[in-house]
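# Analysis of the macromolecular model
Residue strings, one per chain:
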Amino acid sequence: MYVCICHRVRECEVRQAIRAGAYSEDAVGDECGAGTGCGTCLDRIADLIDAEATNAVLPALA
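Residues numbered from 1 in each chain as written. Predicted model: local features only at pLDDT ≥ 70, side-chain atom pairs only at ≥ 80, totals over all residues. Heavy atoms only, no water.

### Here's the deal with the packing of aromatic side chains
To keep it simple, the criterion reads: Here is the rule: rings of Phe, Tyr and Trp (six-membered ring for Trp) pair when centre to centre is within 6.5 Å. Planes less than 30 degrees apart are stacked, more than 60 are edge-to-face, and the remainder are tilted. In this analysis the charged atom, NZ for Lys or CZ for Arg, is taken to sit over a ring once it is within 6 Å of the ring centre and within 35 degrees of the ring normal.
The tally for this structure, following the rule as stated, stands at zero aromatic pairs. The aromatic ring of Tyr-2 is capped on one face by Arg-10, whose charged end is 4.6 Å from the ring centroid.

This is the structure:
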């Protein structure tokens, strides 16, 4: 599924950028281009950042 239509960036690419250390919308944009066009996808990128942060924390607690 595309997260950023302007730059044809898929969700898996955004998640990969986040896992590589892009912890803000701007950092994701620098890494893969998502969110640097019209900006409509910035909320979705923020949701993915939160989801990846949750995924990274929860396994450590188990």
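### Some details on the confidence of the model for the chain
Under the convention used in this document: By definition, pLDDT measures how confident the predictor is in each residue, and it falls between 0 and 100. In this description a helix means any DSSP run of H or I spanning at least four residues, a strand means any run of E spanning at least two, and both kinds are numbered starting from the N terminus.
In the predicted model, the chain carries a mean pLDDT of 91, and 90% of its residues have values of at least 70. Mean pLDDT in the chain bottoms out at helix α3 (residues 42-61), which sits at 83, and peaks at strand β2 (residues 9-10), which reaches 98.

### As for the side chain of Glu-52
Rules: A 1.4 Å probe rolled over the protein chains alone gives each residue an accessible area, and that area as a share of the maximum for its type sets the label: buried under 20%, exposed over 50%, partly exposed in between. In protein, a polar contact requires one atom able to donate a hydrogen and another able to accept it; more generally it is a pair of N or O atoms within 3.5 Å, and residues adjacent in sequence count only if both atoms are side-chain atoms. In this description, contact between two residues means that some pair of their heavy atoms is separated by no more than 4.5 Å.
Inspection of the secondary structure puts Glu-52 in helix α3. You can call Glu-52 buried: its relative accessible area is 9%. Among the polar contacts listed, one links the side chain of Glu-52 to the side chain of Arg-15, at a separation of 2.4 Å. Other than its neighbours up to four places away in sequence, Glu-52 contacts Arg-15, Ile-18 and Arg-19.

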